[in-house]
Amino acid sequence: LTLLGIETSCDETAAAVVRLYPDGHGEILANVIRAQLDLHAAYGGVVPEIAARAHVDLLDPAIRQAMSEASVDFGDLDGVAAAAGPGLIGGVIVGLTTAKAIALGCGKPFVAVNHLEAHALSAGLTDDVAPPYLLLLVSGGHTQLVVVHDVGRYTRLGTTLDDALGEAFDKAAKLLGLGYPGGPEVERHAARGKPVIPLPRPMTGRPEPHFSLAGLKTALRQEAMARAPLSDQDVADLCASFQAASDVVRDRVLRAMALFEDRVPEGTALTLVAAGGVAANGPLRTVLGEVAVARGYRLVVPPPALCTDNAAMIAWAGAQRLARGLTDDMGAAARARWPLDPEAPPALGAGV
Ligand code: ATP
Ligand code: MG
Ligand code: FE
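Residues numbered from 1 in each chain as written. Chains lettered and ligands numbered in written order. Predicted model: local features only at pLDDT ≥ 70, side-chain atom pairs only at ≥ 80, totals over all residues.

- Looking at an unreviewed UniProt entry, one finds the chain named tRNA N6-adenosine threonylcarbamoyltransferase, with Methyloceanibacter methanicus as its source organism.
- Here the chain is described in UniProt, under the heading Sequence similarities (unreviewed entry), as follows: "Belongs to the KAE1 / TsaD family."
- The UniProt entry for the chain carries the following text under Subcellular location (unreviewed entry): "Cytoplasm". (UniProt positions renumbered as here; feature names shortened; annotations may be inferred.)

As structure tokens, then:
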């Protein structure tokens, strides 16, 4: 199956062409991303209205480039997929409407993809990995531990009670005067610092694998204020200390592993998959590697470019759904919120 995928749920305008082979392997024929970084940089974050307008300008050329790099005509496609949420609704509408128009115009099936499901399945595009597996989804808007039973079947074991991990990185960078997105900046500065500043490890030891990350940023702010004006070395040490808080992830993943093992059939090969923008973080990948070895898991993390937002993962999730006959009609709505596991109880109070 050959699919065109479209991603416009945040500040990346992206189009990709991906192929799913009968043996289950994937191939990326084209993966075009037009980041809008310079448009939002002055605001220290993504401005929804600016993002939506930029998607209108950038999407058509991105699609044309992806189709031409893939050497595929619209008539060769087996389907068209777009992220239908969750995300900034104005941007989602741009991508969703465009994908519907192309599908309708070419008489091809249309697939409305959950952006989180696309992250959740992204590892299968470049690695030989099949459900069930334990997923750590760490992105700009989400921090979750999820049992992936199958395409479309997810059990959320844990989530964040406040900030997402990527959001915490972004806020840490902002308060230290570093650029946006903050994750790569913090990682870069941390590399020349020492984790000498004590920061809390919120939620560690709790039985349910939830997260709470807002306190980390508050503690970082206090430590930064206490040291102002910050030298270069202070910034590096603060970043290294913040990075060291991946200890929280270590603790939470270990907890989730125990729950995962209770939920999958005996004898299941144990696999830990990481996805989302923060999974591009080197020190975090190291921590996950250690945890995996300690518990006898195979760790699978997509290459960094497939961790952050991209359209290849949308096309791939679309292909997985199409292969199972799961298509959508032109009435599919754009959704600002769209949980992977609608049955998960609210996390509030879970840590109490
Ligand atoms: P969501 O997927 O939850 O809707 P999103 O699509 O905005 O949110 P992604 O694009 O998956 O999120 O990830 C972006 C986030 O990843 C940002 O918060 C960014 O700072 C973070 N990030 C990217 N690279 C790194 C890195 N090397 N280290 C840490 N964080 C990173
Ligand atoms: Mg993004
Ligand atoms: Fe994302």
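### Considering the UniProt feature "domain: Gcp-like" (unreviewed entry) in the chain
- Look at the UniProt record and you will see "domain: Gcp-like" (unreviewed entry) annotated at residues 27-316.
- For residues 27-316, the helix share is 49%, the strand share is 17%, and the end-to-end C-alpha distance is 9 Å. (Helix = DSSP H or I, 4+ residues; strand = E, 2+ residues; numbered from the N terminus.)

### Some words on the pairing of strand S5 (residues 110-114)
- Along S5, five of the five residues are buried, which leaves the element largely enclosed by surrounding structure.
- Every second residue of S5 is oriented toward a common face, with Phe110, Ala112 and Asn114 on one face and Val111 and Val113 on the other, all of them buried.
- Strand direction decides the pairing type here: strand S4 (residues 79-85) and S5, joined by five bridges, are parallel. Each bridged residue has a counterpart across the sheet, and for glycine 85 the counterpart in S5 is asparagine 114.
- Crossover connection from S4 via helix H3 (residues 89-106) to parallel S5: handedness right-handed. (Buried ≥ 20, exposed ≤ 12 C-beta atoms within 10 Å, placed from the backbone. Pairing = 2+ DSSP bridges. Right-handed = clockwise from strand over helix to strand, strands pointing away.)

### Notes on the packing of helix H7 (residues 182-190) against helix H9 (residues 232-243)
- Direction vectors running N to C along H7 and H9 enclose 110 degrees, while the axes themselves pass 7 Å from each other. By the angle between their directions, the pair H7 and H9 is classed as roughly perpendicular. Where H7 crosses over H9, the two elements pack in a sense that is left-handed. Counting all contacts with H7, which are made through Val186, Glu187, His189 and Ala190, the residues of H9 involved are Val235, Ala236, Cys239, Ala240, Phe242 and Gln243.
- Of the residues that constitute the contact of H7 with H9, the class distribution is seven nonpolar, two polar and one charged. (Axes fitted to C-alpha atoms, helices over the stretch in contact; angles between N-to-C directions. Parallel < 35°, antiparallel > 145°, perpendicular 65-115°, else oblique. Left-handed = near helix turned anticlockwise from the far one by under 90°. Contact = placed C-beta atoms within 7 Å. Nonpolar A, V, L, I, M, F, W, Y, C, P; charged D, E, K, R; others polar.)

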